[in-house]
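A closer look at the structure
Here are the chains, one letter per residue:
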Amino acid sequence: MTGYKVANGNGHSNGNGNTKGTNGTNGHSNGHKSADYTAQENPTYPYEVIEEIADFITKGSGMRPKIGIICGSGLGSLADMIQDPKIFEYEKIPNFPVSTVEGHAGRLVVGTLEGATVMAMQGRFHFYEGYPLAKCSMPVRVMKLCGVEYLFATNAAGGINPRFAVGDIMLMHDHVNMLGFAGNSPLQGPNDPRFGPRFPALVNSYNKDLINKAIEIAKAMGIESNIHVGVYSCLGGPNYETIAELKALRMMGVDAVGMSTVHEVITARHCDMKVFAFSLITNKCATEYSDKKDDEANHDEVMAVAKNRQKACCELVSRLIREIHLASA
Ligand SMILES: O=P(O)(O)O[C@H]1O[C@H](CO)[C@@H](O)[C@H]1O
Ligand code: HPA
């Protein structure tokens, strides 16, 4: 199917003053005609559109990847590990959104890692960029139709749990979907059973075997004291949280907070992928009032910490992928 667009005000600027699309177009000049969808009428992408994007990637790369990776802010180096990479700029993929956030390059990288076939998003889509959640997580469905069975979702996050230090890694074992509390979901709109059920269950969303394997790997790497297992929550952003919000999240049992990942995990579980996710703690969140400037999160710090810790994150991911690959060989 050609001629599809999601017309809901994603004519955003990329931060350099270049507007990548106007009047709700996705800014592609690939000759695709516009169809008559709006976010209000139908925020989802038809199956055939996802299929067309997946075909573009599998034919263009000559691969059907088994593992999908989403690189968090400043964690794009996860995709740089991929061997014999075939690179697809988001702007050149039909009907794909574009990345607008610093630290999110906007490329899909397909190749092999530790013997496994993988595809990695070097740049994810966030709700605060102006994309509806279904659009933010649409690439997860593309991954599914490319053949992906495992989703590795990574993010940079603020540590709310007082035991967490900057640079620690929190393996996600659950989440609190704050956007869901507000009535928003990537699964809103008509359900296509070819992806999954109308009412998916989300208990056990985070694969326990993969968490346990990651803990073993962290021990072998000698970083077990920097590894935690905890609960992540996604807020809409782009502002960081107030002290009162952080206090409330802590009372709800949240250990780390960010602005992503949850809708990707929901979409992945809906279509029955196995999920592994972690947060790199890039800043400590204050849960008490003070005059300290240090308490204010900022994206430069987030990126700097991610850069400093990319080696450990890369090793954790590549060793876990190796285990998956060896177990299935
Ligand atoms: O979740 P990722 O994409 O890693 O990015 C995190 O870092 C940014 C804020 O610094 C937000 O986008 C937040 O979600
Ligand atoms: O403190 C934070 N809050 C929300 N998102 C984030 N991403 C990195 N750090 C943070």
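Residues numbered from 1 in each chain as written. Chains lettered and ligands numbered in written order. Predicted model: local features only at pLDDT ≥ 70, side-chain atom pairs only at ≥ 80, totals over all residues. Heavy atoms only, no water.

**Observations concerning the UniProt feature "binding site: a purine D-ribonucleoside" (unreviewed entry) in the chain**
Basically, it comes down to this: UniProt positions are given in the numbering used here, feature names are shortened, and annotations may be inferred rather than shown by experiment. Only runs of H or I of at least four residues qualify as helices and only runs of E of at least two qualify as strands under DSSP, and these elements are numbered from the N terminus. The buried label goes to any residue with under 20% of its type's maximum accessible area, the exposed label to any with over 50%, and the partly exposed label to all in between, with areas taken from a 1.4 Å probe on protein chains only. Any two residues whose heavy atoms approach within 4.5 Å at even a single point are treated as in contact.
This chain's UniProt record puts "binding site: a purine D-ribonucleoside" (unreviewed entry) on Glu241 and Asn283. Their sequence span is 43 residues, while the largest C-alpha to C-alpha distance among them is just 12.3 Å; these annotated residues converge on one region. Inspection of the secondary structure assignment puts Glu241 in the loop between β7 (227-234) and α7 (243-251). Owing to a relative accessible area of 16%, Glu241 belongs among the buried residues under this scheme. With residues near it in sequence (within four places) discarded, Asn283 still touches Ala157, Gly158, Gly159, Val166, Ala297, Glu301 and Val302.

**Details of the side chain of Arg141**
Counted only if it meets this: When charges are counted, neither His nor the chain ends are considered; positive counts come from Lys and Arg and negative counts from Asp and Glu. Just to be clear on terms, a salt bridge is a Lys or Arg side-chain nitrogen sitting within 4 Å of an Asp or Glu carboxyl oxygen.
Examined against the element boundaries, Arg141 turns out to sit in helix α4 (residues 138-146). Buried charge without a salt bridge: Arg141, with Asp192 as the nearest opposite-charge side chain at an N-O distance of 7.1 Å.

**A closer look at the site of ligand 2**
Short version of the rule: Being near a molecule or strand, for a residue, means having at least one of its heavy atoms within 4 Å of it. Polar contacts here mean pairs of N or O atoms no more than 3.5 Å apart (in protein, one a potential hydrogen donor and the other a potential acceptor; neighbouring residues in sequence count only if both atoms are side-chain atoms). For this classification, Asp, Glu, Lys and Arg are treated as charged, while Ala, Val, Leu, Ile, Met, Phe, Trp, Tyr, Cys and Pro are nonpolar and the rest, including Gly, are polar.
Around ligand 2, the surrounding shell consists of Ala156, Ala157, Gly158, Tyr240, Glu241, Val257, Gly258, Met259, Thr282, Asn283, Cys285 and Val302. A distance of 3.3 Å separates a nitrogen atom of ligand 2 from a polar atom in the backbone of Ala156. Contact between ligand 2 and Asn283: a nitrogen atom at 2.7 Å from a side-chain N or O atom of the residue. Taken together, the elements giving at least two residues each to the shell around ligand 2 come down to β5 (150-159), β8 (256-258) and β9 (274-284). No other element matches the 3 residues that β5 contributes to the shell around ligand 2. Of the residues in the shell around ligand 2, the class split is 7 nonpolar, 4 polar and 1 charged.

**A few points about the site of ligand 1**
Heads up, the rule is: Surface exposure here means Shrake-Rupley accessible area, sampled with a 1.4 Å probe, where a residue is shielded only by the protein chains that are shown.
Not every one of the 13 residues close to ligand 1 is listed here, only the nearest: Ser73, Tyr128, Tyr240, Ser260 and His299. In this structure, an oxygen atom belonging to ligand 1 sits 2.7 Å away from a side-chain N or O atom of Ser73. With respect to ligand 1, the backbone of Met259 contributes an N or O atom lying 3.0 Å from an oxygen atom. Across the complex, the protein chains shield 95% of the 350 Å² of accessible surface that ligand 1 would expose by itself. Those elements that place two or more of their residues in the shell around ligand 1 are β5 and α9 (299-328). For the shell around ligand 1, the class distribution of residues is 5 nonpolar, 7 polar and 1 charged.

**With respect to the packing of helix α1 (residues 47-61) against α4**
To keep it simple, the criterion reads: Axis definition: a line fitted to C-alpha atoms, over the contacting stretch in the case of helices. Angles run 0 to 180 degrees between N-to-C directions. By the definition used in this description, the sense in which the near helix is turned from the far one sets the handedness, with an anticlockwise turn below a right angle giving left-handed and a clockwise turn giving right-handed.
Between α1 and α4, the least distance of the axes is 8 Å, while the angle of their chain directions is 65°. Helix-helix and strand crossings are classified by hand; for α1 and α4 the assignment is right-handed. Here Tyr47, Ile50, Glu51, Ile53, Ala54, Ile57 and Thr58 of α1 lie close against α4, whose contacting residues are Met138, Arg141, Val142, Leu145 and Cys146. Considered class by class, the residues forming the contact of α1 with α4 number 9 nonpolar, 1 polar and 2 charged.

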